[in-house]
Amino acid sequence: MSRIYTIARIALVPLALTLLTACGAGSGAGVEANPNLTPPEQTPTVVLNGPAPATQDVQLFRINLWDNVAATNRCGGCHNADPGGQLPNFARNDDINLAYQQANLVVDLAAPQDSRLVTKVGGGHHCWLTADQACADIMTTWITAWAGGSLGSTGNEISLRAPGLKDPVASKTFPADSALFGAAVHPLVTTTALCFLCHSEASAIPQTPFFASADVNAAYAGVQSKIDLDDPANSRLVVRLRQEFHNCWSGDCQADADTMEAAIAAFANGIADSQVDPNTMMFSKALSLRDGTLATGAGRHEANAIAIYQFKTGSGPIAFDTSGVDPAADLAITGNVEWVGGFGLRFTGGKAQATTADSKKFHDLIKATGEYTIEAWVTPANVTQEMSRIVNYSGSATTRNFGLGQTLYNYDFFHRSSLTDLNGDPSLSTPDADEVLQATKQHVVATYDPINGRRLYVNGMLIDVVDMPGGTLDDWDDTFALVMGNEVSSDGVFAGTLRMVVIHNRALTASQITDNFEGDVGEQFFMLFSVSHLIPVADAYVVFEVEQFDSYSYLFNAPFFASLSGAVPVDIPLQGMRIGINGKEADVGQGYANLDVLLRQPDYIVGEGQLLSNMGTVIALEKGPDLDEFFLTFDVLGANTMVRVGSPVIVPAPPPDGDPVPDIGIRTFDEINATMSAVTGVPTTMTAVANVYVNVKQTLPAVENIESFLSSHQMSISQLALEYCSSLVDDAGLAAAFFPGFNFAAAPAAAFAAAGRDLVIDPLIAKVNGANLASQPADAAVKAELNGLIDKLTVCIAANNCEADRTAITVKATCAAALGSGAMLIQ
């Protein structure tokens, strides 16, 4: 989404202040060994002795941080006041006021994620979990809670801080072809080295990434995040051997590391450097993604969060609950689930489930308040799945305390109470006609309290659907388990991606939900590209909001100009801005190449900056977020001008004689819309179909060449076809004219007897397939396919448990299958 950030969300921190606050406790040298700590599940109780807290802030420190870190299996094992205890002794239990003084040396209440305590555990220092990132996230949560009370806010406001200044450096980029890797590194990881024992899809216990796959192209795709082309010794493949002694094959880890480093160096030496030329290009200072200021989480409300899943770990079999509320309801990942770049889990048949023992906290803490909130950033894979469970606290497919699910275009909120059954039915669902659920990233919030009952919010907006108020939670079962992406019994598969899930034991207010929506999700950064060396404005930056969009790309969004010194630009032209990556301008995604603005007041507002564009653009990921380096180039900036030599226009040669040329084409976006309208009789101006068409128009085919057809085109065609068919069936007059004689009011068993099926299928074949066209599919083949679809959609007949609207749903789906097929598309 595009947002203009104001001083309420971003603080432009003066450079001098930034440099001052950056100075803090120094980092220790060397690698520290973890002591023999008590296992997490046996966290001991620590008794606080000494005087009472001297101030309210000391009390906030105690309840939010000290109570969580003072145990001997956490920080209290070392940072105490005992003889031999380590400074700073912020976990001492003899005087909470002295512990408070020491804690202030290692926390940053204005930016909790930058606190020394966070960076230490995130770097592996005495992390009490199996993932350092999870410990860092939990520590951030505790400090943020302290900051929220201490500073009188959520503790999550963003302050823009000046990064270090550096020029773009010469850099190597992975070539598109795997030949060099195949010659230098692939033989080593698939034979001599032991990598193939795990990192191959053929392994007994395969572990991703599959950089030791026998398929060199698959291995090349998987290895790129493990290789540093500019510094082979820093490659993860080398570090694992040299410093972590992981699966050395000869018995001499140093020698094996040298061999791996030499192979990577041979690969890298075959790749030419990319380097910007200061004589021909005008460029900003350079940044990596991590040099930016973390942008997500500003203003989030999590004071009553009892479980937080940010999915930051990025690998492994566990998704950690980083709420800091014990017991942590960590999720065990099983089946077809994969980690997504930029934080997230993608579900394609598997699930992520907590134990019943850890899940009991949801029963206890929610029953204590009588209200709760399910908050999720979710991207459904499609709008055709039904009975799909996104987030559930359940015991089976028919028993649950709460659940958030998907049925076609609807979100469903199940809630067990004295007014509903053991499955949480009747569910509260978004209206069918509104088609609220879309196959895109959405912020979905389900709240319950006894006064208002259930409420559903999508992207910050309250959905107009009314629930019955009242009810109690007396019937909640404390033996259920929290599960995501499926049912506990694995028969409620959800296809899609979860980017963040939070369970609160209070119902969030509408304003709190709006704040959390505007705070967004994922690993997003404000990247400040310095341009002070190009214009007469102190501490001047072009600022982008940047995130790793998925595993393959970055999203650069809504750039603005700002000065951290408070200086005001005076009539400074800025034209032709482009994004560079790893020593060169990106080949695609240059959405700001035609930018032409004048930096000046009143467009420039002190404390907020000047918006340059509300557009976003996507840049391809090359080495990964830890290694990719970015910079900006300009055609004109201030008094500086770069003469850009246009690339020669390449005219493709005509195909040689004899090359096959398709004799069929496909309908384009406007033709598809008009054809669907003509076939169904539904006007293109009908609100529901018009809205869907606007949403999918950009992803429908733009040219008639069938060789340009993509799977994404078919997804959009299917969405539009389903809406046309839904509008057709929901309009009694249109439905009667299209399917004469069919009884929509009949139960599926009667409606889809042989004669009834013909009343549905025959009109579709006649109007979609056409007649006397040699290139169209055979009517009998199409009828067999549609009959098979009806069989699948009416399996409920045998169990006698079809829902009331199953007949209409089946007709809509059958119609959409025919209307969205190649019979309509190909011409």
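The coordinates are above.
The shown structure was predicted, so the numbers you read here are calculated from the model rather than taken from an experiment.

Colleague: Tell me about the nonpolar core, residues and numbers included.
Modeller: Ranked by internal contacts, the top residues of the largest apolar core, which has 87 residues, are Tyr309, Phe362, Leu482, Met484 and Ile503. In terms of residue count, the dominant contributor to this core is helix H15 (residues 711-730) (8 residues). In this structure, Tyr309 is in contact with Ala319, Phe320, Asp321, Ala329, Leu331, Phe362, Leu482, Met484, Arg499, Met500 and Val501, ignoring residues within four places of it in sequence. Ala286, Phe525, Ile572 and Met577 belong to the second-largest nonpolar core, a separate cluster that totals 40 residues.

Colleague: For the state of the cysteines, give the residues involved together with the corresponding values.
Modeller: As enumerated under the stated definition, the model contains 4 disulfides in all. There is a disulfide in this structure between Cys796 and Cys802, and the S-S distance comes to 1.9 Å. Its S-S torsion of about 95 degrees marks the bond between Cys796 and Cys802 as right-handed, since a negative value means left-handed. Since its relative accessible area comes to 11%, Cys796 is described here as buried. Taking only the cysteines that form disulfides and numbering them from first to last, the protein chain has the pattern 1-2, 3-4, 5-8, 6-7. Sulfur of Cys78: no disulfide; nearest cysteine sulfur belongs to Cys75 and is 8.8 Å away. Here Cys195 is not disulfide-linked; the sulfur of Cys198 is the nearest cysteine sulfur, at 9.0 Å. Take Cys195: its relative accessible area is 17%, and that puts it in the buried class.

Colleague: Describe in detail the packing of aromatic side chains, supporting the description with residues and values.
Modeller: The full count for this structure, using the stated rule, is 31 aromatic pairs. Ring centres of Phe402 and Trp476 lie 6.0 Å apart, and the angle between their planes is 55 degrees; this geometry places the pair in the tilted category. Note that Phe402 is positioned in strand S13 (residues 399-407) and Trp476 in the loop between strand S18 (461-462) and strand S19 (481-484), a separation of 74 residues in sequence. Judged by centre distance (6.3 Å) and plane angle (85 degrees), the ring pair of Phe529 and Phe544 falls under edge-to-face. Placement of Phe529 in strand S21 (residues 524-530) and of Phe544 in strand S22 (residues 540-550) is noted, with a sequence separation of 15 residues between them. Taken individually, Phe529 and Phe544 each receive the classification buried, so the pair is uniform in this respect. A connected cluster of aromatic rings, assembled from ring pairs, spans Phe362, Tyr372, Tyr393, Phe402, Phe413, Tyr448, Trp476 and Phe480. Over the face of the ring belonging to Phe413 we find Arg454, whose NZ or CZ atom lies 6.0 Å from the ring centre. One cation-aromatic arrangement involves Lys767 over Phe738; the distance from NZ or CZ to the ring centre is 4.1 Å.

About the cut-offs
Residues numbered from 1 in each chain as written. Predicted model: local features only at pLDDT ≥ 70, side-chain atom pairs only at ≥ 80, totals over all residues. Heavy atoms only, no water. Core = buried A, V, L, I, M, F, W, Y, C linked by side-chain atoms within 4.5 Å. Buried < 20%, exposed > 50% of the residue type's maximum accessible area, 1.4 Å probe, protein only. Helix = DSSP H or I, 4+ residues; strand = E, 2+ residues; numbered from the N terminus. Contact = heavy atoms within 4.5 Å. Disulfide = S-S within 2.5 Å. Phe/Tyr/Trp six-rings, centres within 6.5 Å; stacked < 30°, edge-to-face > 60°. Lys NZ or Arg CZ within 6 Å of the ring centre and 35° of its normal.

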